[in-house]
Amino acid sequence: MAEPEHAGGLKRSLGLGHLTMISIGATLGTGIFVVLGEAVPVAGPAIVVSFILAGITALFSALSYAELAGMIPASGSSYSYTYATLGELIAWVCGWCLVLEYGVSVAAVAVGWGQYLNELLRLLFGFAIPDALSQPPGAGGVVNVPAVAVVVLAMVVLLGGAKESARVNAIMVAIKIGALLMFCAVAFTALRAGNLTPFFPLGLAGMSAGGAKLFFSYIGFDAASTAGEEAKNPQRDLPRAIVLSLVIITALYCLVALAAVGAMPWGRFEGAEAALSQVLSDATGGGSIWPLLLSVGAVVATSSVVLTVLYGQTRILFAMSRDGLMPGVFAKVNRKGVPASNTVLVSLFIAVLAAFVPLGSLADATSIGTLFAFGLVNLAVILLRRRNPDARRTFRVPFSPVTPLLGVGFCVYMMFSLGAITWVAFGLWMVGGLALYFGYGIRRSRLNDQAA
């Protein structure tokens, strides 16, 4: 399904460093800066184990992504992989889940960006943007203006081109890694063993529920796979970038989580919007420059996630549009090789979503869509091993089919750890997606035209 370089398609300009930074940029920051405050009250100090559980679930899927990315270096991530292995209908279901994963997660991170922006303004100038203009309806506000602003800024950067966007992202990734390491160095000075006992105050069920919420934190490691047609050497670099980024991310998440719950009693995380900043304020007595520096890092970190996940969303819609399953406007590129109309339309939709929907609802909806798509990727590896065992693979999932089956099992387990309301919303989303496919996509699909 790959197109020739540029010539109506995308431009190959990204190396291993760019791809790894895209994955880290799309992942690192979302959960640790934004969702941690919502997950700790569910799991307690066992939040560290919750991160490990979510990381293991992501790792199984990452190995499957790595194998398929080396075989099918096309834009579209798991949509393209399932299209090539499981057929058009399953690919549509997967792509529809990815629209939920990427689009809604951008909105969720944009909401979190506004929270840390307010924290930064409070620390610098002693005031914050009023709730009416910084919170969505249902959370005490009318419209979330900061969330809209960061989405629009990301849109402007993406319109400059993939390579230029990757450079901006690499700078932001370096800043946020530095901010998290700084947080650990300060928070560990205030660590109290008593804050870590009991370690499982809400039992294994609480740890599992925390892991399901925190799976949102790992969404984005597959972002490199959406750049399959913009990578210089996709067969070699995509598998390496996916696995390398996930290892770095998991290590940092566990380290920061341990520092956070060790420095501040887990019960105080309830309702904390900028949780890590509050931890540093407590650890340093409230008068230090460290919370200010962390807030700067958090604003940069969440900006990076918005940029890279928005990038991934546009490339998935590009692939679906090229296959005829979405309107053709999403597959049109300009002279720079950028799907400009696609980028503008997606950004405007996400900006509206971020302006009016609360964070918690967005995060849980994103997690369930992602887990479903990851399960399909694991199944695709098993099927492709049977159908085409001799195909060239630059990376092979070890101990297949056991490892991909474990990946499916972990995804199902995490999905059932989410609440009933999330399942209802997911069911309605899937019904709407199938209606769109049978009412529009199947009639205009490239496969249908070829059969005719």
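Quick note: structure is the one above.
Residues numbered from 1 in each chain as written. Predicted model: local features only at pLDDT ≥ 70, side-chain atom pairs only at ≥ 80, totals over all residues. Heavy atoms only, no water.

**Some details on the overall build of the protein chain**
Part 1: From N to C terminus, the protein chain includes 17 helices and zero strands.
Part 2: Relative to its length of 452 residues, the protein chain is compact, with a C-alpha radius of gyration of 21 Å against a globular reference of 22 Å.
Part 3: With the C-alpha coordinates aligned to their principal axes, the bounding extent of the protein chain is approximately 70 × 45 × 40 Å.
Part 4: Evaluated residue by residue, the protein chain yields a buried proportion of 59% over its 452 residues.
Part 5: At a minimum sequence separation of 6, the contacts of the protein chain that also span at least 24 residues come to 82%.
Part 6: Accessible surface, the protein chain as shown: approximately 16000 Å² in total, 69% of it carbon and sulfur. (Helix = DSSP H or I, 4+ residues; strand = E, 2+ residues; numbered from the N terminus. Rg over C-alpha atoms; globule rule 2.2 N^0.38 Å. Buried < 20%, exposed > 50% of the residue type's maximum accessible area, 1.4 Å probe, protein only. Contact = heavy atoms within 4.5 Å. Areas by Shrake-Rupley, 256 points an atom, 1.4 Å probe, with all protein chains shown as cover.)

**Re the environment of Thr 366**
Part 1: Position of Thr 366 relative to the elements: it lies in helix 14 (residues 359–387).
Part 2: Separated by 174 residues in the primary sequence, Thr 366 and Arg 192 have C-alpha atoms spaced 34 Å apart.
Part 3: For Thr 366, the residues in contact, after removing those within four places along its chain, are Leu 100, Glu 101, Val 104, Ser 105, Phe 216 and Ile 219.

**Some thoughts on the packing of aromatic side chains**
Part 1: For the structure on display, the rule yields 14 aromatic pairs.
Part 2: Taken together, a centroid distance of 5.4 Å and an interplanar angle of 80 degrees make the contact between Tyr 65 and Phe 374 edge-to-face. Pair noted here: Tyr 65 is in helix 3 (residues 47–71) and Phe 374 is in helix 14, with a separation of 309 residues, a long-range link. Like Phe 374, Tyr 65 is buried. (Phe/Tyr/Trp six-rings, centres within 6.5 Å; stacked < 30°, edge-to-face > 60°.)

**Notes on the pattern of salt bridges**
Part 1: Taken as a whole and assessed by the stated rule, the structure comprises four salt bridges.
Part 2: Between Glu 67 and Arg 393 there is a salt bridge whose closest N-O contact spans 3.0 Å. Of this pair, Glu 67 sits in helix 3 while Arg 393 sits in the loop between helix 14 and helix 15 (402–415), and the two are 326 residues apart along the sequence. Here Glu 67 matches Arg 393 in class, with each residue buried. (Salt bridge = Lys/Arg side-chain N within 4 Å of Asp/Glu carboxyl O.)

**Looking at the nonpolar core**
Part 1: Ile 47, Phe 51, Phe 183 and Leu 276 are the most contacted members of the largest nonpolar core, which has 140 residues in total.
Part 2: Per element, the largest residue contribution to this core is 21 residues, and it comes from helix 5 (residues 88–125).
Part 3: Aside from chain neighbours lying at most four places away, what touches Leu 276 is Ile 32, Phe 33, Leu 36, Tyr 116, Leu 180, Phe 183, Val 256, Ala 260 and Leu 294. (Core = buried A, V, L, I, M, F, W, Y, C linked by side-chain atoms within 4.5 Å.)

**Focus on helix 12 (residues 290–322)**
Given 3.6 residues to a turn, an α-helix orients residues that are three or four positions apart in the same direction.
Part 1: Taking 1.5 Å as the rise per residue, helix 12 with 33 residues should run 48 Å; its terminal C-alpha atoms sit 48 Å apart, in good agreement.
Part 2: Most of helix 12 is tucked away, with 29 of its 33 residues classed as buried.
Part 3: After helix 12 finishes, the residue Gly 324 shows a positive phi value of roughly 90 degrees. (Expected span 1.5 Å × (residues − 1).)

**Focus on the side chain of Ser 23**
Part 1: As for its placement among the helices and strands, Ser 23 is situated in helix 1 (residues 16–27).
Part 2: Sequence-distant contacts of Ser 23, that is, excluding residues within four places in its chain, are made with Gly 220, Phe 221, Ala 223, Ala 224, Ser 245 and Ile 249.

**Brief notes about the packing of helix 1 against helix 12**
Part 1: Remark: helix 1 packs on helix 12, axes separated minimally by 7 Å, with the N-to-C direction vectors making an angle of 120 degrees. By the criterion of interaxial angle, the relationship of helix 1 to helix 12 is oblique. In this structure, helix 1 meets helix 12 at a crossing whose hand is left-handed. Judged by residue contacts, Ile 22, Gly 25 and Ala 26 of helix 1 engage Ser 304, Val 305, Thr 308 and Val 309 from helix 12.
Part 2: Counted by class, the contact of helix 1 with helix 12 contains four nonpolar, three polar and no charged residues. (Axes fitted to C-alpha atoms, helices over the stretch in contact; angles between N-to-C directions. Parallel < 35°, antiparallel > 145°, perpendicular 65-115°, else oblique. Left-handed = near helix turned anticlockwise from the far one by under 90°. Nonpolar A, V, L, I, M, F, W, Y, C, P; charged D, E, K, R; others polar.)

**Notes on the packing of helix 3 against helix 15**
Part 1: Their axes nearest at 9 Å, the elements helix 3 and helix 15 cross at an angle of 140 degrees. Taken together, the axes of helix 3 and helix 15 lie oblique to each other. Considering the relative orientation of helix 3 and helix 15, their crossing is left-handed. Here Leu 53, Ala 54, Ile 56, Thr 57, Phe 60, Ser 61, Leu 63 and Ser 64 of helix 3 come into contact with helix 15, specifically with Thr 403, Pro 404, Leu 406, Gly 407, Phe 410, Cys 411, Tyr 413 and Met 414.
Part 2: For the contact of helix 3 with helix 15, the per-class residue count stands at eleven nonpolar, five polar and no charged.

**With respect to helix 15**
Part 1: Helix length check: helix 15 (14 residues) gives 20 Å between terminal C-alpha atoms against 20 Å at 1.5 Å per residue, within 8%.
Part 2: Taken together, the buried positions of helix 15 are occupied by Thr 403, Pro 404, Gly 407, Val 408, Cys 411, Met 414 and Met 415. In an axial view of helix 15, the angular spread of the buried residues amounts to 145 degrees, which keeps them on one side of the axis. (Arc of directions from axis to C-beta.)

**Details of unusual backbone geometry**
Part 1: Cis geometry is adopted by the peptide bond preceding Pro 198, which originates at Thr 197 and carries an omega value of -10 degrees.
Part 2: Within the fold, Pro 198 resides in the loop between helix 8 (162–187) and helix 9 (203–214).
Part 3: Along the chain, Ser 400 connects to Pro 401 via a cis peptide bond; the corresponding omega equals 10 degrees.
Part 4: Along the chain, Pro 401 falls in the loop between helix 14 and helix 15.

**Overview of the side chain of Thr 302**
Part 1: Within the secondary structure layout, Thr 302 lies in helix 12.
Part 2: The class for Thr 302 is buried, based on a relative accessible area of 0%.
Part 3: A polar contact is formed between the side chain of Thr 302 and the backbone oxygen of Val 299, at a distance of 3.3 Å. (Polar contact = N/O pair within 3.5 Å; in protein donor to acceptor, adjacent residues only side chain to side chain.)

**Regarding a nonpolar patch on the surface**
Part 1: On the surface, a cluster of nonpolar side chains totalling about 370 Å² of accessible area is made up of Leu 89, Ile 90, Leu 434, Phe 438 and Ile 442.
Part 2: Counting residues per element, the ones that place at least two in the nonpolar patch are helix 5 and helix 16 (420–444).
Part 3: Ranked by residue count, the leading element in the nonpolar patch is helix 16, at three residues.
Part 4: On the secondary structure map, Phe 438 appears in helix 16. (Patch = residues over 30% accessible without salt bridge, like charges linked within 9 Å, V, L, I, M, F, W, Y side chains within 5 Å.)

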